[in-house]
Amino acid sequence: MAGNKLNELQLNDLNRDGFLILPELFSENEIEILNEKMPHLWAQDTEANIREKNSGEIRMAMALHQRDEQFSKLVYHSKLINPAYQIRPEPLYVQQVKVNNKTPFSDDVWQWHRDFGNHNVNDGIRRPLALNIHVYLDDVNQFNGPICFIPGSHLTENREVASHEMFFDDQTTSYAVWAVDEAVIGNQVNKAQKLNPDHGIVAAMGKKGTALIFFDTTIHCSPANFSPWKRSVFSMILNPVSNAYGNTDRPDYLHHKDLTPVEPLGGDLLNI
Ligand code: SIN
Ligand code: MN
C-alpha cells in the first residue's frame, strides 16, 4: 500500500474474494492508545453501549467517533479513507462506527450474514454499496472468535439477497441480525471450494493493527470466543451519499444521519 492507496494486486484480491486483509496497517503503539480508551467508554451509561444478554459484558460500543477524539482520528484516517474512495469513487458518509467486543469465554456469536440484508431491511438502503472497514484492537486468532468469510460470496444473484433467503436471529445473539439461510451457505462454500479447495471458509486472522475491508454482500460470521483472550475489533460502515438511508427512525448511533462526505486526515494516531 503506497500513499495510503491499495495496489492493483490488492484491488484484484478484494474484487475476487469480497474481502481484503491489510496486515498490521497500524502500529502496536497506535492501537494501545485506542485500547486505553476502552474501559472509560465501556463504563459510560449510554444506549450506544450494547451488552451481551448472558454475561452483561459490553458487546458493542457505538458512535465512538462522537465520543472520543482518538477514535475520530481513526475514522477519518487516510489509511482507511483513501482505499475506500479508491473502491467507491463518489462522496461517502459515515453510516456506523463501533467496537465489537468478545470477552474471554464469551459464547455470543454472529451468525452467517450479509451486512446488506440488514442495511436493506433495517435502514432502507437500496443498493449493496456500503463498505465495512475493520481494525483489530487485539490479536485475532482461531480461538478468540475471528471473522470468517466465504470467498466470492459477494458475487451473488440478487435473489439471494432477498428476504426469503434470510431469517431473523434474535435468539443466539445479543444483537439481532438478519442471517443467511444454511442452504445458501452450503452452496456458497461449495462454489468457493471449486476455485480453491482450502478456501471454502477463511478465518481472517491477524495481529493487532491489522485492517480488513469487505463488501456489503460478502457473507461472514464469527464464532464464540472459547479462549482466555479478549477480541475487540473496530468497525465502521461507509456508504455512498447517493445510496443513503430510507428509514429515518433509527437511533443515530445505529445509523448516522449526517451525510457530510468524509475527508481523509493524515498523521499517526499517537498525536492529537
Ligand atoms: C464480529 O465483530 O465478529 C462481526 C462483525 C460483523 O459482522 O461485521
Ligand atoms: Mn457484519
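Overview of the structure.

The strand order across the open sheet formed by four strands is β5-β12-β7-β10, and the pairing between neighbours is antiparallel. Both outer strands of the open sheet, β5 (110–113) and β10 (202–203), are each paired with one neighbouring strand and no more. Looking at chain direction, strand β7 (residues 148–149) and strand β12 (residues 220–222) are connected through two bridges and run antiparallel. The residue bridging Cys148 from the neighbouring strand is Cys221, located in β12.

Bringing the site of ligand 1 into the picture now. Taken together, Asn100, Lys102, Trp110, His113, Asn132, His134, Ile147, Phe214, His220, Ser222 and Arg231 make up the full set of residues adjacent to ligand 1. Between His220 and ligand 1, the recorded distance is 3.1 Å, taken from a side-chain N or O atom to an oxygen atom. The contact in question runs from an oxygen atom of ligand 1 to an N or O atom on the side chain of Arg231, over 2.8 Å. Contact with the protein chains hides 98% of the accessible area of ligand 1, taken as 260 Å² for the molecule alone. Because more than half of its atoms lie within 2 Å of the grid, ligand 1 is assigned to the largest pocket. If you list the elements that add at least two residues to the shell around ligand 1, you get β4 (92–102), β5, β6 (131–136) and β12. Residue classes in the shell around ligand 1 are distributed as three nonpolar, six polar and two charged.

Throughout the structure, instances matching the rule amount to seven aromatic pairs. An angle of 5° between the planes, with centres 4.4 Å apart, marks the rings of Phe19 and Phe149 as stacked. Taken together, the residues span a long stretch of sequence, with Phe19 in strand β1 (residues 19–22) and Phe149 in strand β7 at a distance of 130 residues. Taking relative accessible area as the criterion, Phe19 reaches 7% and is therefore assigned buried. When its relative accessible area of 0% is taken as the criterion, Phe149 is described as buried. Seen in terms of ring centroids, Phe143 and Trp229 are 6.2 Å apart; in terms of plane orientation they differ by 50°. Their pairing is tilted. Taken as a pair, Phe143 in the loop between β6 and β7 and Trp229 in the loop between β12 and β13 (231–240) lie far apart in primary sequence, 86 residues in all. Linked through ring pairs, Phe19, Phe149 and Phe214 together constitute an aromatic cluster. Note that Lys79 overlies the ring of Phe26, its terminal NZ or CZ placed 5.1 Å from the centroid.

Here we come to the coordination of the manganese ion (ligand 2). Taken together, His113 (NE2), Asp115 (OD) and His220 (NE2) make up the full set of protein donors to the manganese ion (ligand 2), lying 2.1 to 2.2 Å away. Judged by relative accessible area, which is 4%, His113 ranks as buried. Classification of Asp115 by relative accessible area gives buried; the value is 8%.

Glancing now at the layout of surface pockets. Rolled over the atoms, a probe sized like a water molecule indicates the empty space that remains. Approximately 360 Å³ is the volume attributed to the largest pocket. Surrounding the largest pocket, 26 residues form its lining, Lys98, Trp110, His113, Asp115 and Tyr175 being those nearest its centre. Counting residues per element, the ones that place at least two in the lining of the largest pocket are β4, β5, α5 (115–123), β6, β12 and β13. Top element by residues in the lining of the largest pocket is α5. It accounts for five residues. Split by residue class, the lining of the largest pocket holds nine nonpolar, twelve polar and five charged. Volume-wise, the second largest pocket comes out at about 290 Å³. Around the second largest pocket sit 13 residues that line it, and Arg16, Asp17, Pro151, Gly152 and Leu195 are the ones nearest its centre. Broken down by secondary-structure element, the contributors of at least two residues to the lining of the second largest pocket are α1 (8–17) and α7 (182–195).

Conventions we followed
Residues numbered from 1 in each chain as written. Chains lettered and ligands numbered in written order. Predicted model: local features only at pLDDT ≥ 70, side-chain atom pairs only at ≥ 80, totals over all residues. Heavy atoms only, no water. Pairing = 2+ DSSP bridges. Helix = DSSP H or I, 4+ residues; strand = E, 2+ residues; numbered from the N terminus. Near = heavy atom within 4 Å. Polar contact = N/O pair within 3.5 Å; in protein donor to acceptor, adjacent residues only side chain to side chain. Areas by Shrake-Rupley, 256 points an atom, 1.4 Å probe, with all protein chains shown as cover. 1 Å grid on protein atoms, 1.4 Å probe; cavity = no way out; pocket = protein on both sides within 12 Å on 5 of 7 lines; lining within 4 Å. Sits in = over half its atoms within 2 Å of the grid points. Nonpolar A, V, L, I, M, F, W, Y, C, P; charged D, E, K, R; others polar. Phe/Tyr/Trp six-rings, centres within 6.5 Å; stacked < 30°, edge-to-face > 60°. Buried < 20%, exposed > 50% of the residue type's maximum accessible area, 1.4 Å probe, protein only. Lys NZ or Arg CZ within 6 Å of the ring centre and 35° of its normal. Donors = N, O, S within 2.8 Å, 3.2 Å for Na, K, Ca; no water. Points joined across faces, edges and corners; volume = space filled by probe spheres on them.

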